[in-house]
Amino acid sequence: MGGPLFLLVSHGGYACSLIRSLEMIIGSIVSERVLCASLEEGESLENFYEKMLQICSRVGSNVIVLADMLGGTPSRASLMLLKESKVRAVITGFNMPLLLELLTGNYSSYGEQELRKALESSQQHMKIFTSI
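Quick caveat: nothing in here was measured; it's all calculated off a predicted structure. (Residues numbered from 1 in each chain as written. Predicted model: local features only at pLDDT ≥ 70, side-chain atom pairs only at ≥ 80, totals over all residues. Heavy atoms only, no water.)

Participant: I keep staring at helix 1 (residues 14–26) and nothing clicks. Help me out?
Facilitator: Along an α-helix, residues three or four apart share an orientation, since each turn contains 3.6 residues. The end-to-end C-alpha distance of helix 1 is 18 Å, a good match for the 18 Å that 13 residues give at a rise of 1.5 Å each. Among all positions in helix 1, only Ala15, Leu18, Ile19 and Leu22 are buried. Projected down its long axis, helix 1 carries its buried residues within an arc of 110°, all on one side. Exposed residues pointing more than 90 degrees away from the buried face of helix 1 are listed as Arg20 and Met24. In the core, the buried residues of helix 1 are packed alongside strand 1 (5–11), helix 2 (29–33), strand 2 (34–39) and helix 5 (96–104). Positive phi shows up at glycine 27, right after helix 1, with a value of about 80°. (Helix = DSSP H or I, 4+ residues; strand = E, 2+ residues; numbered from the N terminus. Expected span 1.5 Å × (residues − 1). Buried < 20%, exposed > 50% of the residue type's maximum accessible area, 1.4 Å probe, protein only. Arc of directions from axis to C-beta. Contact = heavy atoms within 4.5 Å.)

Participant: I'm lost on helix 4 (residues 73–83) in this one. Help?
Facilitator: The complete set of buried residues in helix 4 reads Thr73, Pro74, Ser75, Ala77, Ser78 and Leu81. Packing partners of the buried residues in helix 4 comprise strand 1, strand 2, helix 3 (45–59), strand 3 (63–67) and strand 4 (89–92). Directly beyond the C-terminal end of helix 4, a positive phi value near 60° is found at serine 85.

Participant: Got a minute to help me understand the packing of helix 5 against helix 6 (residues 112–123) in this structure?
Facilitator: When two helices pack together, their arrangement is given by the angle between the helix axes and the distance between those axes. At a minimum axis distance of 8 Å, the contact between helix 5 and helix 6 shows a crossing angle of 135°. Here helix 5 is positioned oblique relative to helix 6, judged by the angle of their axes. Crossing angle aside, the handedness with which helix 5 passes helix 6 is right-handed. The segment helix 5 lies against helix 6, with Pro97, Leu98, Glu101 and Leu102 engaging Leu115, Ala118, Leu119, Ser121 and Ser122. Of the residues assigned to the contact of helix 5 with helix 6, the class counts are six nonpolar, two polar and one charged. (Axes fitted to C-alpha atoms, helices over the stretch in contact; angles between N-to-C directions. Parallel < 35°, antiparallel > 145°, perpendicular 65-115°, else oblique. Left-handed = near helix turned anticlockwise from the far one by under 90°. Nonpolar A, V, L, I, M, F, W, Y, C, P; charged D, E, K, R; others polar.)

Participant: Please explain the state of the cysteines as it appears in this structure.
Facilitator: Inspection of every chain in the model, using the stated rule, returns one disulfide. The disulfide bridge from cysteine 16 ends at cysteine 36, spanning 2.1 Å between sulfur atoms. Taking the sign of the S-S torsion, about 95° here, the bridge from cysteine 16 to cysteine 36 comes out right-handed. Of the two residues, cysteine 16 is situated in helix 1 and cysteine 36 in strand 2; the sequence distance between them amounts to 20 residues. Just so you know, cysteine 56 is unpaired, no disulfide at all, and the nearest cysteine sulfur is the one on cysteine 36, 13 Å from it. (Disulfide = S-S within 2.5 Å.)

Participant: Whenever I open this one, unusual backbone geometry confuses me. Can you help?
Facilitator: Both trends apply: most residues other than glycine have a negative phi, and most peptide bonds are in trans. The residue serine 85 is not glycine, and still its phi comes out positive at about 60°. Within the secondary structure, serine 85 sits in the loop between helix 4 and strand 4. With relative accessibility at 57%, the residue serine 85 sits in the exposed group. The backbone of tyrosine 110 sits at a positive phi, close to 55°, despite the residue not being glycine. Mapping tyrosine 110 onto the fold places it in the loop between helix 5 and helix 6.

This is the structure:
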């Protein structure tokens, strides 16, 4: 397995559901490289942080976290892990095109420039149609 693992974190089951959707499109690579953690209703920041820390302790620090939105508990816990150097990077506001790009793109280091390129590429899939 080359490259980092991706840890999707979200409010509710969004992150884990996205993994199942990605598997429909690109197959087993998803289960080899993507993990998820769901924030349950009423769960504290501290508890969710501990949940994420357990995952990172199990798989190592070669993890890029993708959080559902900036400012929520999942992103705040992710940034705590980044500050402690438990993960490589945190991306907020993930969607399916971004994950497809990260999993199938030709990236060698997954450094900041390559992550920005993946983010920009995924944004090309966001369009507004008011008529056809």
